[in-house]
Amino acid sequence: MKRGYPEPSPSTSLSPPQSRFKYNPEGDAQFLEDESTKIFARKVADHYSARTNQTLEEREASPIIHLKKLNNWIKSVLIQLYARRGDAVLDLACGKGGDLIKWDKAKIGYYVGIDIAEGSIEDCRTRYNGDADHHQRRKKFTFPARLICGDCFEVRLDKVLAADAPFDICSCQFAMHYSWSTEARARRALANVSALLRPGGTFIGTMPDANVIIKKLREGEGLAFGNSVYWIRFDEEYSEKKFKSSNPFGIKYTFHLEDAVDCPEWIVPFHVFKALAEEYELDLVFVKNSHEFVHEYLKRPEYVELMRRLGALGDGNQDQSTLSADEWEVAYLYLSFVLRKRGQPDRSQVNGGRDKGKMHLEKEDILYINNDL
Ligand SMILES: C[S@@+](CC[C@H](N)C(=O)[O-])C[C@H]1O[C@@H](n2cnc3c(N)ncnc32)[C@H](O)[C@@H]1O
């Protein structure tokens, strides 16, 4: 399936912005935030914090269980494609640590996870310690870890993590769009990634596909659309379904996904993301809508086998259940991207602060940072 990023007509174009801020390699431009940005960031944090860990039975009963498994497959493929043994990994918006096992399989050497939601980072801690799943007590993870609770699109992480950097891989799964509420936050997000990755390091991620969302908005009648498992609603200010190219930030919609999300989110026009990332020396390797991603990587036997084991499309045996058409439509709302930090890897440079990580994390080991940093 060929992915298209059609050039919209001038009146509706989401073209790259004229920068209002000059890129500062040290990343110390002062960005002004208004109160509403903070309120929305808090709303997102509270939403995720309130989501408690599910039991295995609850998880399997979820109306989007196959979509969750499909998304885990996509993240696993991205990690297997780009992670190397011994890598230092920075997981931005790590949530409850749902990717810890994937990183363990890739035999990474060090892991730093950051999330704004206190409840999620605490769940991530217990999962790392091997206490989370009472059904399947698993063996300990093989890499040391550090966990941080804070807003990674607001805080200067280059300062917080100066002794831990450089990282070989930065991952931001299903979360980059929370940075797109203002240009300042989008820039902080990319400045953080750029400052902490080594030259040649990789930034992998998944986020909503703005082209698909806007296409669906324009195809439908009102300002809302969806199916049995999700809906998206835009505010009245977008009643003409046009978006100013002069400000491709802060285009808010509400996203509801059964048993998963109920949050304000922001449109990330991908060509703006790409252009802004380039300013921070992060060059695009690829972008693929999830549908294209699935079709492409299901051509490889090792990933077919992984899909069978994860069970996103059923397990190929007695299990008759599979991804529903409505779940497959939700998958279409997302894309995966890979960016590479410009420059040649410096073989003599050793990774910094792995000794800052621990093999068992107490509550006191979580670093709580506020936005003043
Ligand atoms: C859909 S969840 C994805 C979690 C995880 N990356 C995964 O794939 O399982 C989105 C996560 O983004 C986090 N998040 C949202 N805004 C954030 C911010 N400003 N700073 C750090 N984390 C944030 C939420 O708390 C939530 O854990």
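Each value, and the rule that gives it
Residues numbered from 1 in each chain as written. Predicted model: local features only at pLDDT ≥ 70, side-chain atom pairs only at ≥ 80, totals over all residues. Helix = DSSP H or I, 4+ residues; strand = E, 2+ residues; numbered from the N terminus. Buried ≥ 20, exposed ≤ 12 C-beta atoms within 10 Å, placed from the backbone. Axes fitted to C-alpha atoms, helices over the stretch in contact; angles between N-to-C directions. Parallel < 35°, antiparallel > 145°, perpendicular 65-115°, else oblique. Contact = placed C-beta atoms within 7 Å. Near = placed C-beta within 6 Å. Nonpolar A, V, L, I, M, F, W, Y, C, P; charged D, E, K, R; others polar. Arc of directions from axis to C-beta. UniProt positions renumbered as here; feature names shortened; annotations may be inferred. Pairing = 2+ DSSP bridges. Right-handed = clockwise from strand over helix to strand, strands pointing away.

Counting its secondary structure elements, the chain contains 12 helices and 12 strands. For the chain, the proportion of its 373 residues judged to be buried stands at 40%.

Turning our eyes to something else, we now look at the environment of Ala162. As for its placement among the helices and strands, Ala162 is situated in the loop between helix H6 (157-160) and strand E4 (167-173). When the 13 C-beta atoms within 10 Å are taken as the criterion, Ala162 is described as partly exposed.

This brings us to the packing of helix H1 (residues 35-50) against helix H5 (residues 118-129). Where H1 meets H5, the axes come as close as 6 Å, and the angle between the chain directions of the two elements is 40°. Taken together, the axis directions place H1 and H5 in an arrangement best described as oblique. On the side of H1, the interface is formed by Tyr48, Ser49 and Ala50, while H5 contributes Glu118, Gly119 and Ser120.

Turning to the site of the ligand, a few remarks are in order. The full set close to the ligand counts 20 residues, and Tyr48, Ala93, Gly95, Ala117 and Gln173 are the nearest of them. Residue assignment for the shell around the ligand shows that the elements contributing at least two residues are H1 and strand E2 (110-115). At four residues, the largest contribution of residues to the shell around the ligand is made by H1. In terms of residue class, the shell around the ligand is made up of 14 nonpolar, four polar and two charged.

The next thing to look at is helix H10 (residues 290-297). Turning to H10, its buried residues are Ser290, Phe293, Val294 and Tyr297. Angular distribution of buried residues about the axis of H10 spans 95°; they occupy a single face of the element. Structurally, H10 contributes buried residues whose contacts are with helix H3 (65-82), strand E10 (282-289), helix H11 (301-310), helix H12 (325-331) and strand E11 (334-341).

As annotated in UniProt, the feature "binding site: S-adenosyl-L-methionine" (unreviewed entry) corresponds to Lys75, Ala93, Asp115, Asp151, Gln173 and Tyr178 in the numbering used here. With respect to the secondary-structure elements, Lys75 resides in helix H3. In this structure, Lys75 is in contact with Asp99, Lys102, Gln173 and Thr206, ignoring residues within four places of it in sequence. Among the secondary structure elements, Asp151 is positioned in the loop between strand E3 (145-149) and H6. Residue Asp151 is classed as buried on the basis of its 24 C-beta neighbours within 10 Å.

This part covers the sheet that holds strand E8 (residues 252-257). Within the open sheet, the four strands sit side by side as E6-E7-E8-E9. Their pairing is antiparallel. Each edge of the open sheet is held by one strand with a lone partner, namely strand E6 (224-226) and strand E9 (261-266). Neighbour-to-neighbour, the strand axes of the sheet open up by a mean angle of 20°, direction not taken into account. Judged from the three bridges that link them, E6 and strand E7 (residues 230-234) form a sheet pairing that is antiparallel. Across the sheet, residue Phe225 finds its bridge partner in E7, namely Ile232.

The omega angle of the peptide bond from Ala165 to Pro166 is 5°, so this bond is cis rather than trans. Within the fold, Pro166 resides in the loop between H6 and E4. For Phe174, which is not a glycine, the phi torsion comes out positive at approximately 55°. Within the fold, Phe174 resides in the loop between E4 and helix H7 (183-196).

Spatial ordering of the open sheet is given by E10-E11-E5-E4-E1-E2-E3-E12, a layout of eight strands whose pairing is mixed. For this open sheet the edge positions go to E10 and strand E12 (367-368), each flanked by a neighbour on one side alone. Of the strand pairs in this sheet, strand E5 (residues 197-208) and E11 are connected by seven bridges, and their pairing is antiparallel. Residue pairing across strands places Ile204 opposite Val338, the latter belonging to E11. Sitting on the sheet, H7 touches strand E1 (88-92), E4, E5, E10 and E11, and the angle it makes with E5 is about 145°. This element, H10, spans E10 and E11 of the sheet and lies at about 85° to E10.

Let's shift gears to the pairing of E5. Of all 12 residues in E5, 10 are buried, a share of seventy percent or more. The pairing of E4 with E5 spans six bridges and is parallel. The residue of E5 that forms the bridge with Gln173 is Thr206. Between E4 and its parallel partner E5, the chain crosses via H7, and the hand of that crossover is right-handed.

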